[in-house]
Amino acid sequence: MLGVSVTLPFGIDFGGTGIKGAPVDLDAGGFAAERVRITTPRPSTPARIAEVFVELLSHFPDSTGPVGVTVPGVVRHGVVHSAANIDDSWIGTDADAVFTEATGRDVHVVNDADAAGLAEVRYGAARGRRGLVIVTTLGTGIGSALVYDGTLVPNSELGHLELHGQDAEHRAANSARQREDLSWEKWAHRLTKYYRHLETLFSPDLFVVGGGVSKDAAEFLPLLEIDTEIVPAVLRNKAGVVGAALNAAEAAEAARAAGH
Ligand code: BGC
């Protein structure tokens, strides 16, 4: 330890159904204490979510480090710019400022898939991999993270590529499989089209597949007919919390180094 100012970062995964948080041990890439989950309120406006964060953090009175938060939308310099699957009031919200003000903590928001990407590259399925890794999360939407030689290119938003004249996530997300009651084979067929499209555009070295359905990877990954290696995510439902905390720790360190 370098001194009292070195404290564990805290990660919060803000999802459509639950908001989960825990302090994170960055050496181990896991939770430093048991995580707490609170049901996501509706509507999930920034003000109501901020109240939940205050409650969540109150469960960890010893935690004082920077706080990372995932948001399922485009995030540039703390400001949310899209809301495909969340309340429209997020668009234009300076989420870093709103949450910092509400919690009194140093808060840094990050796109949810980017957080998962950071976590998988640092601790998970893409650990130590060089070249271009594309992490996709298959859930309500499709999230994506582009990581080249360990460096994230944020906000790639590859779930909104066009597939058969539609938003790709509308056809190929896990929610499409559930909504249309698709067999694994039928869904794998759509995923093949989707990943082939990504191959054509990016020639990646590795795909990592995250999202809750990655626990069923054995049912559908072997059915994909693509050229690129494709593997399931390893951190599963920890990726958001761990990646958000990692991002916050790095952002706080960068600010300190810049003298802010
Ligand atoms: C959003 C992305 C998000 C993804 C997964 C998409 O609809 O545009 O920002 O990463 O869903 O939640």
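Up top is the structure.
Residues numbered from 1 in each chain as written. Predicted model: local features only at pLDDT ≥ 70, side-chain atom pairs only at ≥ 80, totals over all residues. Heavy atoms only, no water.

J.: Requested: an account of the packing of helix H3 (residues 112–123) against helix H8 (residues 239–257), with residues and values cited.
T.: At their nearest, the axes of H3 and H8 sit 7 Å apart, and the two run at 90° to each other. Considering their axes alone, H3 and H8 lie roughly perpendicular with respect to each other. Along the contact surface, H3 presents Ala-115, Ala-116, Leu-118, Ala-119, Glu-120, Arg-122 and Tyr-123, while H8 presents Ala-239, Gly-240, Val-242, Gly-243, Ala-244, Leu-246, Asn-247 and Glu-250. For the contact of H3 with H8, the class distribution of residues is 9 nonpolar, 3 polar and 3 charged. (Axes fitted to C-alpha atoms, helices over the stretch in contact; angles between N-to-C directions. Helix = DSSP H or I, 4+ residues; strand = E, 2+ residues; numbered from the N terminus. Parallel < 35°, antiparallel > 145°, perpendicular 65-115°, else oblique. Contact = heavy atoms within 4.5 Å. Nonpolar A, V, L, I, M, F, W, Y, C, P; charged D, E, K, R; others polar.)

J.: Any chance you could break down the nonpolar core for me, citing the residues and the numbers?
T.: With 27 residues, the main nonpolar core has Leu-138, Leu-191, Tyr-194, Tyr-195, Phe-220 and Ile-230 as its most contacted residues. Elements that contribute at least two residues to this core include exactly strand S9 (132–138), strand S10 (142–148), helix H4 (168–172), helix H6 (184–202), strand S14 (206–210) and helix H7 (217–220). Top element by residues in this core is H6. It accounts for 6 residues. Sequence-distant contacts of Leu-191, defined by excluding residues within four places in its chain, comprise Leu-138, Ala-172, Phe-220 and Leu-224. (Core = buried A, V, L, I, M, F, W, Y, C linked by side-chain atoms within 4.5 Å. Buried < 20%, exposed > 50% of the residue type's maximum accessible area, 1.4 Å probe, protein only.)

J.: Describe H8, with residues and values.
T.: Here H8 is 19 residues long and its end C-alpha atoms lie 27 Å apart, about the 27 Å a rise of 1.5 Å per residue gives. The complete set of buried residues in H8 reads Ala-239, Gly-240, Val-241, Val-242, Gly-243, Ala-244, Ala-245, Leu-246, Asn-247, Ala-248, Ala-249 and Ala-252. As for H8, its buried residues are in contact with strand S1 (10–14), strand S2 (18–25), strand S3 (30–31), strand S5 (67–71), strand S8 (107–111) and H3. Trailing H8 by a residue or two, Gly-259 shows a phi angle of about 80°, which is positive. (Expected span 1.5 Å × (residues − 1).)

J.: So what about the site of the ligand? Which residues, and what values?
T.: In the vicinity of the ligand, the contacting residues are Pro-72, Gly-73, Ala-84, Asn-85, Asn-111, Asp-112, Ile-142, Gly-143, Glu-157, His-160 and Glu-169. Contact distances for the ligand include 2.5 Å between an oxygen atom and a side-chain N or O atom of Asp-112. Side-chain polar atom of His-160 to an oxygen atom of the ligand: 2.7 Å apart, as the coordinates give it. In isolation the ligand exposes 310 Å². Once the protein is present, 93% of that is buried. Residue classes in the shell around the ligand are distributed as 3 nonpolar, 5 polar and 3 charged. (Near = heavy atom within 4 Å. Polar contact = N/O pair within 3.5 Å; in protein donor to acceptor, adjacent residues only side chain to side chain. Areas by Shrake-Rupley, 256 points an atom, 1.4 Å probe, with all protein chains shown as cover.)

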